[in-house]
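# Coordinates in review
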Amino acid sequence: MDKQTANIPINTRTVGDAKNIREGIYVLYLEDYVHTFVKKLIYEQEPDTIAGTSVNLYGSSFEQAAQTIMVISGATAAEQNDKNFFSAEAPLCTALVCLNKDRGIRFEISIKGTKVILDDFYVYYDQNEEMQNYLIAWNTERHQQQLRKTTAKSGSRIYTDNAARLGRLTQAYNRETARVSLVWGAMNVLSLSLVVCVIAYGIISLNSYGKMKSMQESIDYCMTFVSENIENNMEKKSEKTYERYTETVPVMNQEQTTEEYTEISVDTPAGEIAEEPTGTLAAESSLEQETTALEPAPAVNPAVPQYYVVQRGDTLRSICMNTYGDYTRMQEICELNGLDDPDSILSGQKLLLP
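Residues numbered from 1 in each chain as written. Predicted model: local features only at pLDDT ≥ 70, side-chain atom pairs only at ≥ 80, totals over all residues. Heavy atoms only, no water.

## Here's the deal with the pattern of salt bridges
- Under the defined criterion, the tally for this structure stands at five salt bridges.
- In this structure, the salt-bridge partner of K115 is E108, at a minimum N-O distance of 3.4 Å.
- Between E176 and R179 there is a salt bridge, with its nearest N and O atoms 2.6 Å apart. With E176 and R179 both in helix α5 (residues 156-248), this residue pair falls three residues apart, about one helical turn.
- We classify E176 as partly exposed; its relative accessible area is 41%.
- Here R179 falls in the partly exposed class, since its relative accessible area comes to 46%. (Salt bridge = Lys/Arg side-chain N within 4 Å of Asp/Glu carboxyl O. Helix = DSSP H or I, 4+ residues; strand = E, 2+ residues; numbered from the N terminus. Buried < 20%, exposed > 50% of the residue type's maximum accessible area, 1.4 Å probe, protein only.)

See the structure below:
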């Protein structure tokens, strides 16, 4: 690839008819910023303006395959032949830019004493920094000129309108700021109140838990104490009753009983013995009946449940007492349920019973 071919831009788009460009003698490549600048010059004029605007075009030109290739990288207005923005000392050519019959851009280029009209060209993208800086400066200057013209025509009225508009904007901003501040303050107060409520609820819950636990321990202790007292009283009462009856009933030896039975069988008819037992035999019969009546019925072991659900107020001692009638199996229950402390059971806990 020779040097001239390397200078042809690659990233391009076609404006107009591509066939006319390929078959034309002059081929124009226009940088995108230059294209934007030219469009501003043309389309910001009055719609019925026929005359175009003169511009200076900066770039390079070379011959290739019987065509003249013009690569334009910069442009300025004709009255602003400013060399400060472009590295080239002089423009490549001048051109008159205007609208064609299809309302497109037309270039009337004067080069080497020849006037060339181009309605079709390429636009390439190079992000030319020189043209970008010039375009920024040109836009700034144009806006300043328009502002000076508008100020000269309107005078103090524009200043007054701008001041009134600024005042309204300031008031609206102040109102909005006050509204936002009020909402923000309300949100802060609500958030602080919520935090305080959560902390208070936590403190109350902790205090209530401690009181309830202490009350439950007191109730468990009282129930255990009452159960033990009832059991001791029952045992003492049974012992006293047994001693009273032992003292009341006389003990008779076997010889007296045999003699009395023998004496009754010899001297008393059989019908009288059967009807009216008298003496020691009557007393012995009465004693046997009273002793039978006083003897407690044999204890029937209730069916022991396999599992027991702990109720409020239960202790391991009360469970053993209610289930087995004594405290001898507390250690077995602890071993079956993996309890290190007999007082560590909780309400609702399911215990496996032996």
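Back to the text.
## Details of helix α9 (residues 316-324)
- Restricting attention to buried positions, one finds in α9 the residues L316, S318, I319, C320, T323 and Y324.
- On its buried face, α9 is in contact with β9 (307-309), α10 (330-337) and β10 (350-352).
- Among the residues trailing α9, G325 stands out with phi positive, at a value near 85°. (Contact = heavy atoms within 4.5 Å.)

## So, the packing of aromatic side chains
- The tally for this structure, following the rule as stated, stands at seven aromatic pairs.
- Residues Y29 and Y122 carry aromatic rings whose centres are separated by 4.9 Å and whose planes lie at 25° to one another, so their mutual orientation is stacked. Note that Y29 is positioned in strand β2 (residues 26-31) and Y122 in strand β8 (residues 121-124), a separation of 93 residues in sequence.
- Residue class for Y122 comes out buried when judged on its relative accessible area of 14%.
- On the basis of an interplanar angle of 90° and a centroid distance of 5.4 Å, the ring pair of F107 and F121 is categorised as edge-to-face. Within this pair, whereas F107 is found in strand β6 (residues 105-111), its partner F121 is found in strand β8, the two being separated by 14 residues in sequence. Here F107 matches F121 in class, with each residue buried.
- Taken together, the ring pairs connect F37, Y58, F85, F86, Y134 and W138 into an aromatic cluster.
- A cation over an aromatic ring shows up here: R317 above the ring of Y327, its NZ or CZ 4.2 Å from the ring centre. (Phe/Tyr/Trp six-rings, centres within 6.5 Å; stacked < 30°, edge-to-face > 60°. Lys NZ or Arg CZ within 6 Å of the ring centre and 35° of its normal.)

## Quick notes on unusual backbone geometry
- In this structure, A66 is a non-glycine residue whose phi angle is positive, near 65°.
- On the secondary structure map, A66 appears in the loop between β3 (53-64) and β4 (67-77).
- For A66, a relative accessible area of 75% gives the class exposed.

## Overview of the sheet that holds β6
- Taken in spatial order, the eight strands make up an open sheet running β1-β8-β2-β4-β3-β5-β6-β7, and their pairing is mixed. Here the strands that pair on one side only, and so sit at the sheet edges, are β1 (12-15) and β7 (114-118). Averaged over all pairs of adjacent strands, the angle between their axes in this sheet comes to 35°, without regard to strand direction.
- Where β1 and β8 come together, four bridges link them in antiparallel fashion. Of the residues in β8, the one forming a bridge with R13 is V123. (Pairing = 2+ DSSP bridges. Axes fitted to C-alpha atoms, helices over the stretch in contact; angles between N-to-C directions.)

## What about the nonpolar core?
- Among the nonpolar cores identified, the biggest contains 30 residues, and L28, F37, F107 and I109 are the most heavily contacted of them.
- With five residues, helix α3 (residues 32-43) is the largest single contributor of residues to this core.
- In contact with L28, other than residues within four places in its own chain, are M70, I72, F107, I109, L118, F121 and Y122.
- Ranked by size, the runner-up nonpolar core spans 12 residues in total, among them L316, I333, I345 and L351. (Core = buried A, V, L, I, M, F, W, Y, C linked by side-chain atoms within 4.5 Å.)

## A closer look at the pairing of β6
- Counting buried positions over the seven residues of β6 gives five, a clear majority of the element.
- Between strand β5 (residues 93-99) and β6, which pair antiparallel and follow one another directly, the connecting turn spans five residues, one of which, R103, has a positive phi of 65°.
- Here β6 hands over to β7 after two residues, with K112 in that stretch at a positive phi of 55°.

## Some words on the packing of α9 against α10
- Where α9 contacts α10, the axes come no closer than 10 Å and their chain directions differ by 115°. Regarding the angle of α9 to α10, the classification is roughly perpendicular. Of the two elements, α9 crosses α10, and the hand of that crossing is right-handed. Between α9 and α10, the contacting residues are L316, R317, C320 and Y324 on the first element and M330, I333 and C334 on the second.
- Residues that form the contact of α9 with α10 fall into these classes: six nonpolar, no polar and one charged. (Parallel < 35°, antiparallel > 145°, perpendicular 65-115°, else oblique. Left-handed = near helix turned anticlockwise from the far one by under 90°. Nonpolar A, V, L, I, M, F, W, Y, C, P; charged D, E, K, R; others polar.)

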